[in-house]
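Spelled out, the chains give:
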Amino acid sequence: QFNAWEKLLADTKVAQITVPLPDSTWSIKDEVAHLYAWQLRSLARVEAAVLNQEPAFPDWPAEFDPEVEGEPDQLNAWLYKTYHQQPWSTVYVQWREGFLRFLALAEQISERKLLDAGEYRWMEGRPLALTLLATYDHHQEHIEKLLPRLSQ
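Residues numbered from 1 in each chain as written. Predicted model: local features only at pLDDT ≥ 70, side-chain atom pairs only at ≥ 80, totals over all residues. Heavy atoms only, no water.

Notes on the packing of aromatic side chains
Next, step 1: Taken as a whole, this structure holds 12 aromatic pairs when the rule is applied.
Next, step 2: Taking 6.4 Å as the distance between ring centres and 40° as the angle between the ring planes, the aromatic pair formed by F64 and W78 counts as tilted. With a gap of 14 residues between them, F64 in the loop between α3 (28–51) and α4 (73–83) and W78 in helix α4 connect regions that are remote in the sequence.
Next, step 3: With relative accessibility at 14%, the residue F64 sits in the buried group.
Next, step 4: With 6.4 Å between their ring centres and 80° between their planes, F99 and F102 make a pair best called edge-to-face. Of this pair, F99 and F102 both sit in helix α5 (residues 88–107), three residues apart, which is roughly one turn of that helix. One exposure class covers both F99 and F102, and it is buried.
Next, step 5: Cluster of aromatic residues (ring-pair linked, three or more members): F2, W5, W88, Y92, W95, F99 and F102.
Next, step 6: The cationic tip of R41 hangs over the ring face of F57; the distance from NZ or CZ to the ring centre is 4.1 Å. (Phe/Tyr/Trp six-rings, centres within 6.5 Å; stacked < 30°, edge-to-face > 60°. Helix = DSSP H or I, 4+ residues; strand = E, 2+ residues; numbered from the N terminus. Buried < 20%, exposed > 50% of the residue type's maximum accessible area, 1.4 Å probe, protein only. Lys NZ or Arg CZ within 6 Å of the ring centre and 35° of its normal.)

Given below as structure tokens:
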């Protein structure tokens, strides 16, 4: 997934990255910033697993509960507003370094600990492997929606 995004971003001119996509107010930069913001939660989980501590989640407004199932439209709108003004160079470095750190930390966790639903009480009965899958799925969902829009 990381390599697919790196290729997409390398093959796209900066001017394309920072302008709104067809039928959207979001640019590729905004999509990557959104992925980075959500990546911070996943990173907090794998870091907590490696350090054997509670996750230190990003400081998001209390009225947004990212653990509630469904479309987190209000939270995503807040994330957009929070990251929209950042320059592409900052967004890209944050996303890239965060993703690479996420992967490096995940590699340090044994398969048993990734798959054991009771290993980390803060996962509330879910295996940590779901965090890895969610990160993959989230990036995949966005790239699948993005590719057809880039060809327009």
